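Each chain, letter by letter, is given below.
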Amino acid sequence: MPELAGPRQLNQLLDAVMAIGSGLELPALLRRIIESATELAAARYGALGVLDETGTRLAQFLTVGVDDDTHRAVGHLPEGHGILGLLILDAKPLRLSDLHEHPDSFGFPPHHPEMRSFLGVPILVRDRVFGNLYLTEKTSGEVFTDVDEELVVALAGAAGVAIENARLHARVSELALAEDRERIARDLHDTVIQRLFATGLSLQGTARLLRADPATAEARVDAAVDDIDLTVKHIRSAIFGLET
C-alpha cells in the first residue's frame, strides 16, 4: 500500500501554496517556489530551470542551497543536458535514488556539490511546460519518497497558476503605465500649446503698444514672462511624471 501524506505534511503543502499564491512579481515568485519545494521535500539543494521560447533548452537556472563561492567555482550554469534534459523531453515527474547510475547522467563539473538522490517535477502554465523543479540530496540521507513526489507535484500545479497570475499582473501594469504616459503626453501637449499660443498673441499685440503706451506694453511683457515660466514648470512636472 503506497505511503500517504500525513496531516503535518499536508499543512506544509497548504502553507507553501499560500506563500507562492501571494506573489505577483515573477522573479521573487520563482525564488519562493524553489524554496518552498526544497523545504517541502526536505531537499538540501533545489533549482528551477525555466525553458526558453523553443521549449528545448533552459533559459534560466535558479538555485537554492548552493552558495555564491560554489556558483563561481562551478562556472557555467546548466542548459538542460543529461538528467535535467529528461524532463524537457518528457514532461513528467522523475525520481532517482542515484543520479550517477542513470544512463543519461553527464556527471558533474569540477567543484560541483555531491548529489545523488533526485526528484524532478515539471511546472505547466496553460498546459505548456514553463520550467522544471529539480530537487537533490534528501537531508535525511535517504531517497525521495512517493509522498515527496506527490507533494511537489501538487506544489508545481499551484506554482503554474501563480506564475500565470504574475504574468497577467505584469501585463496589466505595463498597460496601465502606457496609458498613464499617453495621458501625461496629451496633457502636456494640450496645455503647453494653448499657453504658448496665448502668450504669442499677447506679445504680438504688445509690439504696437511700445510707443503708444509703454507702461501697458511692459506689463504685458511681464505677464508673458510669468506665463512662460509657469509653462516651463508644467513641462518639468510632466517630464518627471513620465520618468517615474
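1. Observations concerning the overall build of the protein chain
The number of helices and strands found in the protein chain is six helices and five strands. Whereas a compact globule of 244 residues would reach a radius of gyration of roughly 18 Å, the protein chain reaches 31 Å, over 25% beyond that. Structurally, the protein chain occupies a C-alpha span of about 105 × 40 × 30 Å along its principal axes. In the protein chain, which comprises 244 residues, the share counted as buried stands at 36%. Restricting to contacts in the protein chain with at least 6 residues of sequence separation, those with at least 24 account for 60%.

2. Describing the packing of helix α1 (residues 7-21) against helix α2 (residues 26-40)
With their axes 9 Å apart at the nearest point, α1 and α2 run at an angle of 175° to one another. Regarding the angle of α1 to α2, the classification is roughly antiparallel. Contact with α1, carried on its side by Gln9, Gln12, Leu13, Ala16, Ala19 and Ile20, involves Leu29, Arg32, Ile33, Ser36 and Leu40 of α2 and no other residues of that element. Residue composition of the contact of α1 with α2, grouped by class: seven nonpolar, three polar and one charged.

3. Some remarks on α2
Over its 15 residues, α2 runs 21 Å from end to end, which matches the ideal 21 Å to within 8%, given 1.5 Å per residue. Where α2 terminates, the next one or two residues include Ala42, which has phi positive at roughly 55°.

4. Description of the side chain of Ser36
Secondary-structure assignment places Ser36 in helix α2. With relative accessibility at 11%, the residue Ser36 sits in the buried group. Ignoring anything within four residues of it in the chain, the contact list for Ser36 reads Ala16, Ile20 and Leu155.

5. A closer look at unusual backbone geometry
Here the phi dihedral of His111 falls at roughly 75°; this positive angle occurs in a residue that is not glycine. Structurally, the position occupied by His111 is in the loop between β3 (94-96) and β4 (118-125).

6. Digging into the side chain of Glu164
Residue placement: Glu164 occurs in helix α5 (residues 146-212). The class of Glu164 is buried, set by a relative accessible area of 9%. Separated by 2.8 Å, the side chains of Glu164 and Arg126 make a polar contact. When residues no more than four places from it in sequence are discounted, the contact partners of Glu164 are Val125, Arg126 and Arg171.

About the criteria used
Residues numbered from 1 in each chain as written. Predicted model: local features only at pLDDT ≥ 70, side-chain atom pairs only at ≥ 80, totals over all residues. Heavy atoms only, no water. Helix = DSSP H or I, 4+ residues; strand = E, 2+ residues; numbered from the N terminus. Rg over C-alpha atoms; globule rule 2.2 N^0.38 Å. Buried < 20%, exposed > 50% of the residue type's maximum accessible area, 1.4 Å probe, protein only. Contact = heavy atoms within 4.5 Å. Axes fitted to C-alpha atoms, helices over the stretch in contact; angles between N-to-C directions. Parallel < 35°, antiparallel > 145°, perpendicular 65-115°, else oblique. Nonpolar A, V, L, I, M, F, W, Y, C, P; charged D, E, K, R; others polar. Expected span 1.5 Å × (residues − 1). Polar contact = N/O pair within 3.5 Å; in protein donor to acceptor, adjacent residues only side chain to side chain.

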